[in-house]
Amino acid sequence: MSAKHPDYGIAEYHEILDYYTKENFVVISEKRPPNTDAKTYALKVTMQIDSLLTKGVKAGLITVIGTSKGGYIAQFVSCTIKNKDINYVFIGSCAEEDIIKIPENNFSGNILSIYEKSDSIGQSCENVKLKSGNTVSRFEEIELNTGLKHGFLFKALPEWLEPSAKWAKQGYGIKPVRENATIGKSVKGTKTGTVERIDSLISSSSKKPFNGIVLISKNGFTKYAKVKGFSDIGKKKPLKFDDQFVIGSVSKQFTAVLLLKEYEKCRVQLNVPIHNYLPELTQSWADSVTVDQLLTHMNGISSLDKPLDFKPGTKYSYSQIGYDLLARIIEKTSGKSFASLSAALFKECKMYNTFHPDVKRYHNLVSGYTEEKNKKLTVENRTFENYVAAGSFISTAHDLLLWNNCLHEGKLLSQKTYRLMISKKPEAIRNHPIFGRVEYGYGITHDTKDGILQLGQTGFTPGFISMDFYFPKTKTSIIVLDNVVYDQNDLQKAFSYHSQMLEILREGNLLRKK
């Protein structure tokens, strides 16, 4: 009853129980044995709740509150009992990796999540909630800023005691941390807001309906998330938030970062001929094309067995094979496989659902579809014909958000190298089939239209189209993954939903710094 932690001290257990008792709650609590299995203990709590319901206690009068491991117990109760009216408070008890490590976790009921900003253990429950298949009647979340790390749970703090009590009394007016967030539905009252317009766009009736996932986040908080359509159209299997997609050219950012990590270790120079790293290349152009020119698509290579299309450095031409050569360089200088290096990179960013396709650990890859001339959708079998380093990595919307945060918040590269990566390069300018004039850095586009810096990439591979853009000023991400390709021979039409969503975002107030 008086557990002591070496860093956080003695838990104020009795003070916490006294608070709820004084608030006129009937409190059921006991000390768990050491090393209690959370799922097993959750079954015990579930039976207690079933007993209360059998005796006529209304579900809305029952609240399950758990902190840390107790929070996981509360989560498992929520998953098991599947009652939309029971109240839950999860406190400091979610982690980013839960989506992949606890795939069976599907919330139900009225849920309040409370976490501490300085806590590296318990974090936001938002993304677990988004993938949950059960009925979550209400969900709100509060971020505290006590500076006490995980130790905030050991104190009888009004910051979390008061909102948890209010939630248990069905005081659903608690101000959530994600103000004005929209999760898969329009907010009543305002019809012209950014998320309302995007929701209207992808929810509208159409002969070519949007089929995919949209995720918009600002400064770490989800502003909009929508899952619409099917992972298997023939079987009418609905998409889930943690489903995996092939992300096309968004993959190039991964390759560029891995190359730049070799550059930071002084194992690669950017302005030397690639023959220095790939001596097996017998073509004469290997002595003139540089690593920088592979990164910026200014190399002139169209095939390994053909002469260059132009003098390196004089012209831009989008090059998939150039990124495959970068992967080969990375393998040579590191002494490791490109697949293993990418796996380590994803682990560094806690991207537990992102894979090189040769690493056969992905389990939720959706089917990709292409519209044929007869307007019918067929399952695509050419998806992985592209070079992996250029466009065949597998990921999720949530993982790409983690990637954006990891890359752009300085967790992967030094500030100097990061600036080198995102800076537009002279003459690396493409007449893009969707956006017109586009300027490139290393594996990423650099756009300052209307005075708004936009970094990111679109992706296309047979059966899949994707978009991932990041706006540094407001730390805003828009991620769109789609597994149905309409009008494959007209990219403007194929990316119609994506370009419209991007334009709506740029016109709205989410990109304004508050």
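A brief report on the enclosed structure follows. (Residues numbered from 1 in each chain as written. Predicted model: local features only at pLDDT ≥ 70, side-chain atom pairs only at ≥ 80, totals over all residues. Heavy atoms only, no water.)

## Observations regarding the packing of helix 1 (residues 13–22) against helix 6 (residues 158–168)
Right, on to step 1. Taken N-terminus to C-terminus, the directions of helix 1 and helix 6 make an angle of 35 degrees; their axes are 11 Å apart at the nearest point. Seen along the crossing, helix 1 lies across helix 6 with a hand that is right-handed. Each of Ile16, Tyr19 and Tyr20 in helix 1 lies in contact with helix 6, whose residues at this interface are Trp160, Leu161, Glu162, Ser164 and Ala165.
Right, on to step 2. When the residues that make up the contact of helix 1 with helix 6 are grouped by side-chain class, the tally is six nonpolar, one polar and one charged. (Axes fitted to C-alpha atoms, helices over the stretch in contact; angles between N-to-C directions. Helix = DSSP H or I, 4+ residues; strand = E, 2+ residues; numbered from the N terminus. Left-handed = near helix turned anticlockwise from the far one by under 90°. Contact = heavy atoms within 4.5 Å. Nonpolar A, V, L, I, M, F, W, Y, C, P; charged D, E, K, R; others polar.)

## Focus on the sheet that holds strand 22 (residues 484–485)
Right, on to step 1. Strand order in the open sheet formed by three strands is 14-13-22, with mixed pairing between adjacent strands. In this open sheet, the two edge strands, each paired with only one partner strand, are strand 14 (377–379) and strand 22. (Pairing = 2+ DSSP bridges.)

## Brief notes about the packing of aromatic side chains
Right, on to step 1. Considering all chains together, one arrives at 15 aromatic pairs under this definition.
Right, on to step 2. Aromatic side chains Phe254 and Phe393 sit 5.3 Å apart centroid to centroid with 80 degrees between the ring planes, which places their arrangement in the edge-to-face category. Taken together, the residues Phe254 in helix 8 (residues 252–264) and Phe393 in the loop between helix 12 (388–391) and strand 15 (394–395) connect sequence positions 139 residues apart.
Right, on to step 3. Exposure remark for Phe254: the relative accessible area of 0% places this residue in the buried category.
Right, on to step 4. An aromatic cluster of at least three residues, connected via ring pairs, comprises Phe254, Phe338, Phe346, Phe393 and Trp403. (Phe/Tyr/Trp six-rings, centres within 6.5 Å; stacked < 30°, edge-to-face > 60°. Buried < 20%, exposed > 50% of the residue type's maximum accessible area, 1.4 Å probe, protein only.)

## Focus on the side chain of Ser392
Right, on to step 1. Position of Ser392 relative to the elements: it lies in the loop between helix 12 and strand 15.
Right, on to step 2. In terms of polar contacts, Ser392 uses its side chain to reach the backbone carbonyl oxygen of Asn386, at 3.3 Å.
Right, on to step 3. With residues near it in sequence (within four places) discarded, Ser392 still touches Val246, Gly248, Ser251, Pro357, Thr383, Phe384, Asn386 and Tyr387. (Polar contact = N/O pair within 3.5 Å; in protein donor to acceptor, adjacent residues only side chain to side chain.)

## Things to note about the side chain of Asn404
Right, on to step 1. Note on placement: Asn404 falls in helix 13 (residues 397–408).
Right, on to step 2. Here Asp468 takes part through its side chain, which lies 2.8 Å from a polar atom of the side chain of Asn404.
Right, on to step 3. Other than its neighbours up to four places away in sequence, Asn404 contacts Glu409, Asp468, Phe469, Tyr470, Ser477 and Ile479.

## Brief notes about the state of the cysteines
Right, on to step 1. Tallied over the entire structure, the rule returns one disulfide.
Right, on to step 2. Note that Cys94 is cross-linked by a disulfide to Cys125, the S-S spacing being 2.0 Å. Across the disulfide from Cys94 to Cys125, rotation about the S-S bond amounts to roughly 95 degrees, and the bridge is consequently right-handed. Of the two residues, Cys94 sits in the loop between strand 4 (87–91) and helix 4 (98–101) while Cys125 sits in the loop between strand 5 (109–116) and helix 5 (126–131), which places them 31 residues apart along the sequence. For the pair Cys94 and Cys125, a shared accessibility class is recorded, and that class is buried.
Right, on to step 3. With no disulfide partner, Cys79 has as its closest neighbouring cysteine sulfur the one in Cys94, 10 Å distant. (Disulfide = S-S within 2.5 Å.)

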